[in-house]
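A structural walkthrough
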Amino acid sequence: MIIKSKDDTRAAVARLHDILVRKKNSKKQLAAIEEELTRALAGAEGENQAARHIDAALRDSEDWGVIHDLRLEHKGRVAQIDHLLISRFFDILVIGSRHVAAALRVDAAGEFHVRSGDAWKTIPSPIEENRRHIIVLNELIQRHRLMPTRLGLPMQPAFRNLILVPAECHISPRRLDEAIIVKIDTVDRRLAEFTGASKPPGDILSVTKICSTRTIMEFAHSLVGFHHPAACDYAARFGIDLAAPPVKSPAHADRQRCQECGASVGAKLAAFCRANSRRFGKRVLCRDCQAAVPVPPRRHITKNGGSGHSA
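Heads up: these notes are all about the structure in this document. All figures in this text were calculated on a predicted structure; none of them were measured in a lab.

Inspection of the sheet shows strand β6 (residues 112-116) paired to strand β7 (residues 119-123) by five bridges, in the antiparallel sense. In the strand pairing of β7, V114 is matched with K121. Hairpin connection from β6 to β7: two residues lie between these consecutive antiparallel strands, with G117 at a positive phi of about 70°.

To continue, consider the sheet that holds β7. Read from one edge to the other, the open sheet built from four strands follows the order β7-β6-β5-β11, with strand pairing classed as mixed. One side of each edge strand has no neighbouring strand; the edge strands of this open sheet are β7 and β11 (170-172). The sheet shows a mean angle of 25° between the axes of neighbouring strands, direction not considered.

As a further point, take the pattern of salt bridges. Inspection of the entire model under this criterion finds nine salt bridges. Close ionic contact of R77 with E139 constitutes a salt bridge, the shortest N to O distance being 2.1 Å. On the criterion of sequence distance, the pair formed by R77 in strand β3 (residues 77-87) and E139 in helix α3 (residues 126-143) is long-range, its members being 62 residues apart. Using a relative accessible area of 32% as the deciding quantity, one classes R77 as partly exposed. Across the pair D91 and R160 runs a salt bridge, and its minimum N-O distance is 3.2 Å.

On to the packing of aromatic side chains. In total, this model carries two aromatic pairs according to the counting rule given. Ring geometry for F90 and F219: centres 5.0 Å apart, planes at 80°, overall edge-to-face. Here F219 lies in helix α6 (residues 213-224) and F90 lies in the loop between β3 and β4 (91-97), a separation of 129 residues in the sequence. Side by side, F90 and F219 carry an identical accessibility label, which is buried.

All right, on to the nonpolar core then. Counting residues in each nonpolar core, the largest one holds 26 residues, and the members touching the most others are L84, I86, I92, L137, I141, F219 and L223. Secondary-structure elements contributing two or more residues to this core are β2 (64-74), β3, β4, α3 and α6. In terms of residue count, α3 provides more of this core than any other element does, five residues in total. Apart from residues lying up to four places away in sequence, I92 is in contact with L84, L85, I86, L137, I141, P157, A158, F159, R160 and F219.

Attention shifts here to unusual backbone geometry. Of note, the phi angle at D69 is positive, near 60°, even though the residue is not glycine. Position of D69 among the secondary structure elements: in strand β2. A positive phi angle, near 55°, is found at K75, a position not held by glycine. You can see K75 is positioned in the loop between β2 and β3. Residue classification places K75 among the exposed positions, given a relative accessible area of 66%.

If you trace the six strands from one edge of the open sheet to the other, you get β1-β2-β3-β4-β10-β12, paired in mixed fashion. In this open sheet, the two edge strands, each paired with only one partner strand, are β1 (2-4) and β12 (181-183). Direction aside, the axes of adjacent strands within the sheet are offset by 35° on average. Pairing of β2 with β3, which is carried by ten bridges, proceeds in the antiparallel orientation. In the strand pairing of β3, G65 is matched with I86. Taken strand by strand, α6 contacts β1, β2, β3 and β4, and its axis lies near 30° from that of β2.

Now for α6. Over its twelve residues, α6 runs 17 Å from end to end, which matches the ideal 16 Å to within 8%, given 1.5 Å per residue. Taken together, the buried positions of α6 are T213, I216, F219, A220 and L223. Buried residues along α6 cover an arc of 130° about the axis, so they all sit on one side. Where the residues of α6 are buried, they touch β1, β2, β3, β4 and α3.

Moving on: the side chain of H68. By the element assignment, H68 lies in strand β2. Residue classification places H68 among the buried positions, given a relative accessible area of 1%. Engagement of the side chain of H68 in a polar contact is seen with the side chain of D55, the distance being 2.7 Å. Setting aside residues up to four positions removed in sequence, H68 forms contacts with I2, K4, S5, K6, A51, I54, D55, D82 and H83.

Moving on: the packing of helix α1 (residues 10-20) against helix α2 (residues 27-58). Helices that pack against each other are described as a pair by the angle of their axes relative to one another and the distance between those axes. Two elements in contact, α1 and α2, have axes separated by 10 Å at closest approach and are oriented at 155°. It follows that α1 is roughly antiparallel to α2 by the angle criterion. Crossing of α1 against α2: the hand is left-handed. On the side of α1, the interface is formed by V13, L16, I19 and L20, while α2 contributes L30, I33, E34, E36, L37, A40 and L41.

Quick notes on the rules
- Residues numbered from 1 in each chain as written.
- Predicted model: local features only at pLDDT ≥ 70, side-chain atom pairs only at ≥ 80, totals over all residues.
- Heavy atoms only, no water.
- Pairing = 2+ DSSP bridges.
- Helix = DSSP H or I, 4+ residues; strand = E, 2+ residues; numbered from the N terminus.
- Axes fitted to C-alpha atoms, helices over the stretch in contact; angles between N-to-C directions.
- Salt bridge = Lys/Arg side-chain N within 4 Å of Asp/Glu carboxyl O.
- Buried < 20%, exposed > 50% of the residue type's maximum accessible area, 1.4 Å probe, protein only.
- Phe/Tyr/Trp six-rings, centres within 6.5 Å; stacked < 30°, edge-to-face > 60°.
- Core = buried A, V, L, I, M, F, W, Y, C linked by side-chain atoms within 4.5 Å.
- Contact = heavy atoms within 4.5 Å.
- Expected span 1.5 Å × (residues − 1).
- Arc of directions from axis to C-beta.
- Polar contact = N/O pair within 3.5 Å; in protein donor to acceptor, adjacent residues only side chain to side chain.
- Parallel < 35°, antiparallel > 145°, perpendicular 65-115°, else oblique.
- Left-handed = near helix turned anticlockwise from the far one by under 90°.

Here is the structure:
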């Protein structure tokens, strides 16, 4: 069952792009905005790819509740969970998506590295990040008493920390906790390994923990009720004052805009418009728009001293 789909990030990407194309950004601002935009696009692609695989496997399942893109705030902390899967045994899979196309390596110290060209680049541990999310999630669940009860006592969830990577990603070494880092194309057939469903038939503890589909739905919807969509002020983040008028460079300080088409108008053309304000209706126009305004008939002096207009 799909309880919540991924939030639409197109508006946020559009805001980033609008800020990026501003002509007054410094080189430092441009580099930071480009990096953020690249990260946002790659992250969205990784999450969308993971969501498609998860949805294909569990959309019609009555044993799982699926929540995508859940952002929780609790006591000043934030948990940004890419995917949350809830089983009828109340095994809760907290899943992080990583768009690592080439290779992923974890050294003996637990440091994560991704291949970037011919070199390896160290990245923050997605497993540790997920662990922090699980702490916030569990505290929120306990604080608001969201868990169903058995014999008057609240059940205790069993959290699982999973990282999904693309199918083409090479994981090194292969002995790495494969119950934690999973290739996206194997997630559907490996779900039972992470839940109470993998326990032997007749396991009394598993039987007492199993819940109805309705209970899963009620719990999942209660979590979604705490969702706070991210709202990032990119202009403030990158030190950009969108309200301030653009600063004119010395070379173009004397240029104006055509009040008809918006084209750039030099100082001489603007002065010509002001000198012929009656013809142009007190507007500053570019050369093309000036040409479109009819020339008034020329005045001439008659023989008797009067004035007239030439045809």
